[in-house]
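The lines below spell out each chain.
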Amino acid sequence: MLILIIFVVQLIIRILIATPRFIWLFLRNSKTVFIAIINSIPRVVNWIFTIGFAVIGLMLSVSFLKIGLIFIMIAIFISPYVNDFFGKTISVSNKVVIILLGLVGSIISLNYESNQTRFLVGFLIETAWLDEDKKEDLKKLKQYITIDKQRQVEQAYLAQREQQLVEIETLYNNGFYQQAIFLGTPYVTFEPKIRNLVDKSRQIQKTQQIETALEEVPQLMRVGQYQEAYQLAKPLYLEVPELQSYVARAKQKLDKDVEKLGYLYQKGQYKKIVDKASAYTEIDCRIRKIVNKAKKSEDSKAERRRFRKALKTVDNYIKKRKYQDAIDFILQSEYVKHPRMQRRIKLAITKNIKYLTKRRKYIEAIQFGSQSVLADDKAVIKLIKKAKYKQKKAEEKKILARLRNIPAEYLEANIREYSHLVNLFPNSRKYQSKLDDYKRRLVAMRKQPPKLITKEMFGDQWPFTVPKGELECLPPALVTFKVNGIIYAVNALASARGYQSINRIWKTDPNRFNEAGFPAKADILPVVHTGLALCNPN
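Here is what the cut-offs are and how they apply
- Residues numbered from 1 in each chain as written.
- Predicted model: local features only at pLDDT ≥ 70, side-chain atom pairs only at ≥ 80, totals over all residues.
- Heavy atoms only, no water.
- pLDDT = per-residue confidence, 0-100.
- Helix = DSSP H or I, 4+ residues; strand = E, 2+ residues; numbered from the N terminus.
- Contact = heavy atoms within 4.5 Å.
- Salt bridge = Lys/Arg side-chain N within 4 Å of Asp/Glu carboxyl O.
- Buried < 20%, exposed > 50% of the residue type's maximum accessible area, 1.4 Å probe, protein only.
- Pairing = 2+ DSSP bridges.

**Considerations on the confidence of the model for the protein**
Right, so step 1: With 79% of its residues at a pLDDT of 70 or more, the protein shows a mean pLDDT of 78.
Right, so step 2: Across the protein, the secondary-structure element scoring lowest on mean pLDDT is helix 1 (residues 2–28), at 51, and the one scoring highest is strand 1 (residues 451–454), at 92.
Right, so step 3: Below pLDDT 50 for its whole length, residues 1–10 participates in eight contacts with residues either more than four positions away or in separate chains.
Right, so step 4: Low pLDDT, under 50, characterises residues 128–132; the stretch is placed with five contacts to residues that sit more than four places away or in other chains.

**Description of the environment of Ala494**
Right, so step 1: Relative to the helices and strands, Ala494 is located in helix 22 (residues 492–496).
Right, so step 2: Separated by 21 residues in sequence, Ala494 and Cys473 place their C-alpha atoms 9.3 Å apart.
Right, so step 3: Residues within four places of Ala494 in sequence aside, it is in contact with Leu478, Val479, Thr480, Ala489 and Tyr499.

**Side note on the pattern of salt bridges**
Right, so step 1: Overall, the coordinates contain ten salt bridges when judged by the stated rule.
Right, so step 2: When the shortest N-O distance is used, the salt bridge between Arg305 and Glu298 registers 3.6 Å.
Right, so step 3: Looking at Arg305, the relative accessible area reads 40%, which means it is partly exposed.
Right, so step 4: One salt-bridge network, in which partners are shared between bridges, spans Arg402, Arg416 and Glu417.

**Thoughts on the sheet that holds strand 3 (residues 478–483)**
Right, so step 1: Taking strand neighbours across the sheet as the criterion, the five strands line up as 1-2-3-4-5 in an open arrangement whose pairing is mixed. Edge positions in the sheet fall to strand 1 and strand 5 (500–501), since each of these pairs with one other strand and no more.

**So, the pairing of strand 3**
Right, so step 1: Most of strand 3 is tucked away: five of the six residues are buried.
Right, so step 2: Here five bridges tie strand 2 (residues 468–474) to strand 3, and the two strands are oriented antiparallel to one another. Within strand 3, the residue paired with Glu470 across the bridge is Lys482.
Right, so step 3: With antiparallel pairing between neighbouring strands as the criterion, strand 2 and strand 3 make up a hairpin whose turn holds three residues.
Right, so step 4: As judged from the four bridges shared by strand 3 and strand 4 (residues 486–489), these two strands associate in the antiparallel manner. By the bridge assignment for strand 4, Phe481 is matched with Tyr488.

Next up, the structure:
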């Protein structure tokens, strides 16, 4: 295998090296190249044979190792590479002799293979030139396979001939004719004794069938079992004239039965047809066709009944206002994709939103619609918007009721309530003007000039590193501290408005410690309270 790998690799390398050289020579001198091509034809043909034998050998080695190795050895010995390796040229006649010896060796090795291996080789040779599109070639292939199969059966039989023959004779003598026919049929082509026993068994069986038919058919006709009588007599009536009249009468009765079945089918009594005629589908193809149609129709009818039952269940849920139960039932049903069920889902969702909205459960209605399977439906979106609007109107009503009890002098309370109204109705000019009016009045009332505070005014409670500054309060409650033209935020509301951080001038109190045990900032609350007092002078 290692030699073969080296051989294939060197072959590929030689081809890759030779290709660009060949192209270059062709471009350089076409006449010289033409002569070189003529001179290289024998070598090219040699390589074609070498590659062909090597490929065939590799393929055969999978199932026929010896033959495959012989072909690979032929490829190695006739290859031009051997001439180059040993520095000697092997003549064409010697290479032909090598090929013939290899083929003879393959044939000889084949004689020592098993029967199965020889069959596989023959099968490959037989199918090598077959055209699958030609019926004659396919017929030839089938005949070859059949012949080999018969050969295998014959060899298996010959290996236990006496035992098989005794077993078939025993079955025949004991009256088991069907078993004798079944067991002996594969060997009738090459064993006369078995063929004779099988033929006799068939004749006896036929005679018994005729006797049974002559005895039972009249009785079946008298009791009105025409289908059974027809089934028993039909295979034999051409050979037994006595049965022909019974077959004709039974056929008439069957025709009437078929007409009755057709009438029942038109009336839609499919289950009755299936129960009554299923046992006779093998007697008459018309009965079989009607029964099959009745089965399909009955299945469709049962399916429609199941669907109507499911639809009725959903309608009952909706009628009882159990909308979520109706939706869950549909989603778990096999008919969830049915158009009528899809309409029921939409109906349940819209009805539930309307019901919750009517009961003033606006938040539940909005959540139910937004989380439903039809949240993107136009009708559902419209109902959700309507519920949101009604929720706003209900909230507006509550706020207006509270405003009626709030005096106009309570500026902060009025601002709070009107701010809610503006949030609910941003486009309302009425509420916006009211809010702006109350804010202006509050600012006018609270606006006080800045207050100069000093370290001496607060004594030990002075929290800053600077000695003084201007304290100011901007409505509603922004407390700032101005030092050297820089305005610092004293409380959180002022910090949120973007003023400078007070930490720059906020000193550390050595007598105060935080949770970690480090010195904490001085208490700034006295300054904050002083500033808030400026916003609430009263």
